[in-house]
Each structure stands twice: as C-alpha cells, then as structure tokens.
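# Working through the structure, step by step
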Amino acid sequence: MNLDPIPAEDIETLKFIKIYTGFCCFGSTAERKVHDFIQRQIAEQLETCELGIIFTRMGWARLLNGSRVYVAGGRVIDNPGGIKYALAPELLKVHLLDGKIPTARLLQEFFACIKVCFLILIPLIAYAIKSLLNTPFAEAGYPLRFVLHLLGEQGVGKTTTAMKFALPFDIEEPMKMPFGFVDAGGTPAALRRFFDSMRDVPALLDDIAKTSDPKEDRQRQSTASQLIRYVANAAGRQLVSGKHVEFINAKCGMIVTAEHKPQSESDTTRCVTLVLLDQMGSLSQNNRELTASVLSSFIKHFADNYNNLTAGIKAFLDRKSVYEESLRQQQHFNELECCFCLLLDFTVAEQALTRKEAKELRKLANESFNVSYRRNCEMLRDMDRVSLNHPGEIIREAIENGALEIAKSLKKFKKDADEYDGFRDDNLVMIRQSSIARLFSEVSNRSVSTIEAGKILRGCGLVAENGEKKTAAHKAKDMPRMVKFDKKSLNCS
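Now for a quick tour of the structure. (Residues numbered from 1 in each chain as written. Predicted model: local features only at pLDDT ≥ 70, side-chain atom pairs only at ≥ 80, totals over all residues. Heavy atoms only, no water.)

## Some words on the nonpolar core
With 107 residues, the main nonpolar core has Phe55, Phe111, Phe169, Leu205, Phe340 and Leu343 as its most contacted residues. Counting residues per element, this core draws most heavily on helix H3 (residues 118-132), which supplies eleven residues. Filtering out sequence-adjacent residues up to four positions away, Phe169 remains in contact with Met58, Tyr70, Ala72, Val94, His95, Leu96, Leu132, Pro178, Phe179, Val201 and Arg288. Residues Val429, Ile431, Ala437 and Val448 belong to the second largest nonpolar core, which totals 23 residues. (Core = buried A, V, L, I, M, F, W, Y, C linked by side-chain atoms within 4.5 Å. Buried < 20%, exposed > 50% of the residue type's maximum accessible area, 1.4 Å probe, protein only. Helix = DSSP H or I, 4+ residues; strand = E, 2+ residues; numbered from the N terminus. Contact = heavy atoms within 4.5 Å.)

## Things to note about the pattern of salt bridges
Taken as a whole and judged by the stated rule, the model has 13 salt bridges. The closest approach of N and O atoms between Arg438 and Glu442, which form a salt bridge, is 3.5 Å. Residue Arg438 and its partner Glu442 are both found in helix H15 (residues 433-444); the two are separated by four residues, about one turn of the helix. For Arg438, a relative accessible area of 32% puts it in the partly exposed group. For Glu442, a relative accessible area of 49% gives the class partly exposed. Salt bridges sharing common partners tie together Asp421, Arg438 and Glu442. (Salt bridge = Lys/Arg side-chain N within 4 Å of Asp/Glu carboxyl O.)

## Regarding the packing of helix H9 (residues 287-304) against helix H11 (residues 328-349)
Relative to each other, H9 and H11 sit at 85 degrees, their axes nearing to 11 Å. With respect to each other, H9 and H11 are oriented roughly perpendicular. Taken together, the residues of H11 that come into contact with H9 (itself represented by Val294, Ser297, Phe298, His301 and Phe302) are Leu342, Leu343 and Phe346. Broken down by class, the residue content of the contact of H9 with H11 amounts to six nonpolar, two polar and no charged. (Axes fitted to C-alpha atoms, helices over the stretch in contact; angles between N-to-C directions. Parallel < 35°, antiparallel > 145°, perpendicular 65-115°, else oblique. Nonpolar A, V, L, I, M, F, W, Y, C, P; charged D, E, K, R; others polar.)

## Concerning the side chain of His149
Turning to its location among the elements, His149 is positioned in strand S8 (residues 147-151). Overall, the relative accessible area of 3% leaves His149 in the buried class. When neighbours within four sequence positions are excluded, His149 is seen to be in contact with Val256, Ala258, His260, Lys261, Pro262, Cys271, Val272, Thr273 and Leu274.

## Here we look at helix H16 (residues 450-459)
Listed in full, the buried residues belonging to H16 are Ala453, Gly454, Ile456, Leu457 and Arg458. Looking at the buried residues of H16, the elements they touch are helix H13 (391-401), H15 and strand S20 (482-486). Residue Gly461 follows H16 closely and has a positive phi angle near 80 degrees.

Honestly, it's all geometry; don't read function into it.
Encoded structure:
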C-alpha cells in the first residue's frame with residue numbers, strides 16, 4: 001500500500017496502531033489524526049476489497065462507506081457492504097446467544113413471558129436496549145447517564161432476573177458466567193477498568209449485599225457509590241499519560257443488584273431503582289436464549305435503519321426532554337420509554353403483534369414506568385427527610401399527624417403541660433425546643449441535640465438568632481424553653 005511520506009519531525013509525535021496481516025486496525029484507541037491519515041490512504045482499497053478491516057471492540061462501528069454494523073463478539077450484525085473483515089482474537093471468545101427462532105414467533109413468546117412480571121421486566125429490558133444503543137443515543141444527544149438498581153432481599157432472584165433478561169452475551173471462561181458479569185467485591189480501580197473496556201453492552205455489578213462483616217459491607221457500598229457516579233457522570237474520568245490528558249466516559253450500561261438502597265440522595269438521582277418484592281419464580285431456563293434472540297433481531301433491524309431510527313430517538317426525546325435537575329428521574333424514564341417504544345415498533349413491523357396488542361403493551365409499559373417513578377420519588381423524599389433538608393415540612397407534618405401535640409391555647413397548655421409539645425397563639429406556634437430535637441432524632445435515625453436542632457432551624461431561616469447567635473427561644477416563668485414559629489412559615493392552618 002502506498003502511503004504519503006511523513007515528515008521526520010512528526011514521526012515521534014505519532015502513535016501507530018497495531019497492524020494485523022492483511023487488515024488495518026479499526027476502532028482502536030489510536031490518536032485521531034493517525035486514524036484520519038490511514039483512513040484517507042485506505043479508502044480506495046476498502047472499496048475495491050483489496051484491503052479488509054479488523055474489529056477490535058464490541059459495539060457500534062461506522063464503516064468508511066457510511067453504513068453501521070454492530071460487533072456482537074464473535075460475529076458482526078448486518079452486512080458490512082461487501083467489505084472484508086476479521087475479528088480480533090479476544091472478541092472471538094464472546095458470543096451473542098441466538099436460538100435461530102423465526103422472528104415473529106420469538107417476539108410473541110417473549111412478550112407473553114414479560115407480561116407475567118411486567119412491572120420489573122419492562123424497565124429492565126428497556127435498560128438493556130438503552131445500553132446496546134448507547135452510541136446512537138449519544139449521537140442523538142442523550143448518552144446513557146443513569147444506572148439500573150435492582151433492590152430486594154436475599155433470594156428474591158435479582159441476579160437471576162438480570163442475567164436472563166439483560167445479559168445476552170456469553171464468554172468462553174471456566175466459570176461460564178455471562179459476559180459483562182462482575183462481582184462487587186473487587187477494588188474500585190479494577191472495576192473501573194472493567195467498565196472502561198465495555199461499550200454498547202449492559203454489564204452487571206452483582207451483590208451489594210448485607211454481610212456479617214460490617215467492614216466488607218461498607219466497602220461494597222462505597223464501591224457501588226463510586227461506580228454509580230463514574231458511569232452516570234457526564235464529566236468523565238481524567239487519565240494522564242505524560243503530557244497527554246484524556247477524559248474517559250463509561251460507554252456501557254450498569255445494572256446493580258443490591259440489598260441496600262443507594263447511599264445518598266446524589267446516588268439515588270443517578271439510579272432507576274426497581275424493587276423486587278416477591279420471588280421471581282416464573283422464570284425458565286429458556287428466557288435468556290429467548291431474550292438474546294429478540295435483541296439480536298432488534299439490533300439487525302436497528303442497523304438496517306440506523307440513521308432514521310437515531311433521528312426518531314432525537315425527535316421523541318426532544319419532545320419530552322426535561323432540563324431541571326429536580327426532574328432528572330423523569331428524564332431517565334423518558335429514555336426507557338423511548339427504548340421500549342422502539343422495540344414495540346419493531347414488533348409491529350415484523351407483524352408479530354397487531355397495533356391493538358402493541359397499544360396494550362404500551363399501557364403496561366407506562367404503568368410499570370409510573371410505578372417505578374413514584375417509588376423512586378418516594379425514596380428521594382425519604383432521604384430528604386433523613387437529611388433534615390426541609391425541617392419546616394417535617395414540623396408541619398408532625399403537627400398534622402399528631403407526632404407533635406399542640407394545644408389550642410396557652411391556657412390549655414399550662415393546664416396540661418406534660419401532655420403537649422407546644423401551643424398556638426394567634427399567628428404563632430410555640431414548640432418546645434426539646435420536642436423539636438426529639439422529632440429530628442426520630443426522623444433522621446440519629447441523636448440530634450437541642451443545639452444542633454437550633455442550628456438546623458436557623459440555617460433554613462425558620463427562626464431568628466439572638467444577640468449571642470443562638471436560637472431565639474422564648475423562656476417565661478414556669479414555662480419550658482420554647483421556639484417561636486410563624487404559622488405562615490410552617491404553612492399551618
């Protein structure tokens with residue numbers, strides 16, 4: 001192959017990629033200018049089939065003729081347009097399960113299966129599709145920026161469900177675990193390297209479990225928290241090699257199985273949490289092969305219509321997109337809805353379901369997303385309460401539900417002071433400072449002193465400071481120390 005001469009002063013600045021005999025390396029991590037330089041030189045040979053390409057990574061690849069293919073481990077889905085290709089040796093170990101069942105029949109069996117546990121399986125399958133389509137979603141402006149969190153007690157079937165409906169690849173390894181499966185017991189650095197190597201596939205971080213060893217418990221939770229932020233953050237991770245600085249983003253989906261809720265409010269907003277309350281007993285051995293066959297057919301359909309479907313993704317999500325940070329969870333569910341709609345449209349195109357049947361499945365999907373969304377919002381509200389971020393709401397709810405007993409007048413309070421936490425007086429509510437500390441302790445599941453309770457109230461502007469920069473409290477003869485609130489600030493009637 002004739003190449004243009006390279007100036008001597010540029011030789012040391014170039015990082016050449018590995019060349020396999022008869023093939024040029026496609027999809028490596030070489031510098032962009034090397035890729036562009038070689039691409040210009042070999043375009044003609046590729047078109048005339050004088051030269052082939054070798055795929056070194058799984059996921060979506062754009063060929064020089066503009067077509068898209070999906071490298072599914074040991075095979076390439078869709079026709080590369082007559083271009084010769086080969087697969088790097090490490091890819092030959094990975095296989096996409098495919099039962100070779102006729103498409104219409106397998107889709108009918110598949111949807112009949114997921115209807116049984118649709119509240120869990122529809123969001124799970126939608127997330128698997130989002131992971132497989134990470135590249136086209138990123139091109140549409142919506143890269144994968146959230147994690148699927150399967151929450152449930154030991155033995156309900158979290159890992160089994162995830163493997164059968166979200167991990168369609170196998171790998172030739174002694175343990176015979178699905179490709180993308182990793183235990184949460186590894187170090188954060190090793191696990192980050194594992195996720196760095198994945199692209200356009202779902203991966204499973206397994207077993208954030210309650211153990212007999214508190215130290216291991218904390219370590220696994222901390223590891224999960226770090227990886228959630230890594231996979232879901234837009235900024236990426238910075239890698240420095242000499243003078244070369246590179247920012248790496250995770251390009252795969254991450255499913256976490258756990259017995260713990262996400263550790264913080266920040267982690268929770270980066271997760272879609274599915275709660276498994278009952279044993280997933282309806283799953284059979286064939287579910288994984290069935291799911292993989294459906295996903296294989298769907299990927300081929302997407303590759304055949306890549307540009308049109310990517311434009312459709314952008315149009316769908318642009319219509320529904322939310323930009324407020326407080327609505328971040330809603331955006332996650334919009335993207336899952338888009339993925340499931342893509343699958344349903346494919347099913348109708350294959351004439352496996354009628355439009356009426358697809359409409360019924362869309363209703364089930366909306367119900368599953370709504371149920372999960374409400375649960376996720378409840379988790380965020382609970383975390384908000386535990387962190388005491390909105391003490392005014394906590395006090396108001398306590399007054400309304402009777403957790404704080406408030407007398408209707410000062411006279412009634414003085415008569416039975418031991419039975420009440422405070423009293424109403426015109427437009428004011430007077431509450432014992434000790435009662436507020438007790439309430440905050442119960443809500444946050446930790447000990448909150450009267451001094452700390454005062455700092456919390458002053459910090460949000462519910463009460464004023466006195467001259468000593470302490471909580472302005474009312475102390476009258478024969479009366480406990482009381483904190484004065486305006487009814488309007490508590491929204492109390």
